[in-house]
Amino acid sequence: LTFTYVTSSKTATVNAYNGTDTDVEIPATVTYNNEEYTVTAISKDAFYENKTLTSVSMPNTITSIDNYAFGYCSSLKEIKVADGNAAYYSQEGVLFKIGDSGNSLVAYPSAKAVEEYIVPEGVVETLEGAFAYTRVEKVTFNEGFTTLGKYTFSDCEELKEVTLSSSVTSIGFF
């Protein structure tokens, strides 16, 4: 893992992972120049196109994850979030962001083997590229879901069916 460090706040951002481990655990803290930094963010494309990664675990210190952080990770089956994280959680290996007026689906793992995925109740939107590059075949959105972010289903070659609820008010471009 490589990081960017902000000395004023003593925080660190995961910038990239180019290793070959199948399971990666992001640490809650890292040491740089004999100073301890809290890992609070994962940048865009941090794990992009990693072919060996099957599982990522993140600490409860993560407060920001950019779009496509896990894009094109062709072997990724599960994203885990430590208990006590106030900003994110995972359910059945899928990553969600906690929101004031409903939760957001952030990332569905590319290699998660499921024929049909039903988006859980309480989720009101997908963020940009949430299902991009995945193998999902069918997705169903519950009542109360309102917004499909742009590129939600980009490059989903096996996608056959999407069922939207009547509560959808916005569909981003594909």
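For the structure itself, consult the block above.
The model shown is predicted, which means the values in this text are computed figures rather than measured ones.

Some words on the sheet that holds strand 12 (residues 116-118)
In step 1: Here we have three strands laid out as an open sheet, ordered 12-14-16, and parallel in their pairing. Since the sheet does not close on itself, it has two edges, and those belong to strand 12 and strand 16 (161-163), each with one partner. Between one strand axis and the next, the sheet turns by 10° as a mean value, whatever way the strands run.
In step 2: Inspection of the sheet shows strand 14 (residues 138-140) paired to strand 16 by three bridges, in the parallel sense. The residue bridging threonine 140 from the neighbouring strand is threonine 163, located in strand 16.

Brief notes about the sheet that holds strand 13 (residues 123-126)
In step 1: Strand order in this open sheet of six strands is 9-10-11-13-15-17, and the pairing throughout is mixed. At either end of the open sheet lies a strand with only one pairing partner, and these are strand 9 (88-91) and strand 17 (170-171).
In step 2: One ladder, built from three bridges, connects strand 11 (residues 103-107) with strand 13; its direction is parallel. Within strand 13, the position partnered with asparagine 103 by the bridge is valine 123.

As for the side chain of serine 110
In step 1: Structurally, serine 110 is set in the loop between strand 11 and strand 12.
In step 2: Sequence-distant contacts of serine 110, that is, excluding residues within four places in its chain, are made with Tyr72, Cys73, Ser74, Leu76, Ala132, Tyr133, Thr134 and Arg135.

Here we look at the nonpolar core
In step 1: Within the largest apolar cluster, 29 residues are counted, with the highest numbers of intra-cluster contacts made by Ile42, Phe47, Met58, Ile65, Phe70 and Leu95.
In step 2: When contributions to this core are tallied by element, the ones reaching two or more residues are strand 2 (11-16), strand 5 (35-42), strand 6 (55-58), strand 8 (78-81) and strand 11.
In step 3: Setting aside anything within four residues of it in sequence, one finds isoleucine 65 in contact with Ile42, Met58, Phe70, Tyr88 and Leu95.
In step 4: Core analysis: the second largest hydrophobic core is formed by 17 residues, Tyr108, Phe141, Leu148 and Cys156 among them.

Remarks on the pairing of strand 10 (residues 94-97)
In step 1: With four bridges joining them, strand 9 and strand 10 adopt antiparallel strand pairing. Note that in strand 10 the partner of tyrosine 89 across the bridge is phenylalanine 96.
In step 2: Between the antiparallel neighbours strand 9 and strand 10 lie two residues, among them glutamate 92 with a positive phi of about 55°.
In step 3: As paired strands, strand 10 and strand 11 are joined by three bridges and run antiparallel to one another. Note that in strand 11 the partner of phenylalanine 96 across the bridge is leucine 105.
In step 4: Here strand 10 hands over to strand 11 after five residues, with glycine 102 in that stretch at a positive phi of 135°.

A look at unusual backbone geometry
In step 1: In this structure, asparagine 33 takes a positive phi of about 50° despite not being glycine.
In step 2: Along the polypeptide, asparagine 33 turns up in the loop between strand 4 (29-32) and strand 5.
In step 3: Backbone geometry at tyrosine 68 places phi at a positive 65°, although glycine is not the residue there.
In step 4: Tyrosine 68 sits in the buried class, given a relative accessible area of 14%.

What about the pattern of salt bridges?
In step 1: All told, the structure shown has six salt bridges when counted by the stated rule.
In step 2: For lysine 80, the salt bridge is made with glutamate 78, and the minimal N-O distance between the two is 3.8 Å.
In step 3: Given the relative accessible area of 34%, lysine 80 is considered partly exposed.
In step 4: Here glutamate 128 ties to lysine 150 by a salt bridge, and the two come within 4.0 Å at their closest N and O atoms. Residue glutamate 128 is located in the loop between strand 13 and strand 14, and its partner lysine 150 is located in the loop between strand 15 (147-148) and strand 16; the two are separated by 22 residues in the primary sequence.
In step 5: What emerges from the salt-bridge pattern is a single network uniting Glu116, Lys138 and Glu161.

Thresholds, definitions, all that
Residues numbered from 1 in each chain as written. Predicted model: local features only at pLDDT ≥ 70, side-chain atom pairs only at ≥ 80, totals over all residues. Heavy atoms only, no water. Pairing = 2+ DSSP bridges. Helix = DSSP H or I, 4+ residues; strand = E, 2+ residues; numbered from the N terminus. Axes fitted to C-alpha atoms, helices over the stretch in contact; angles between N-to-C directions. Contact = heavy atoms within 4.5 Å. Core = buried A, V, L, I, M, F, W, Y, C linked by side-chain atoms within 4.5 Å. Buried < 20%, exposed > 50% of the residue type's maximum accessible area, 1.4 Å probe, protein only. Salt bridge = Lys/Arg side-chain N within 4 Å of Asp/Glu carboxyl O.

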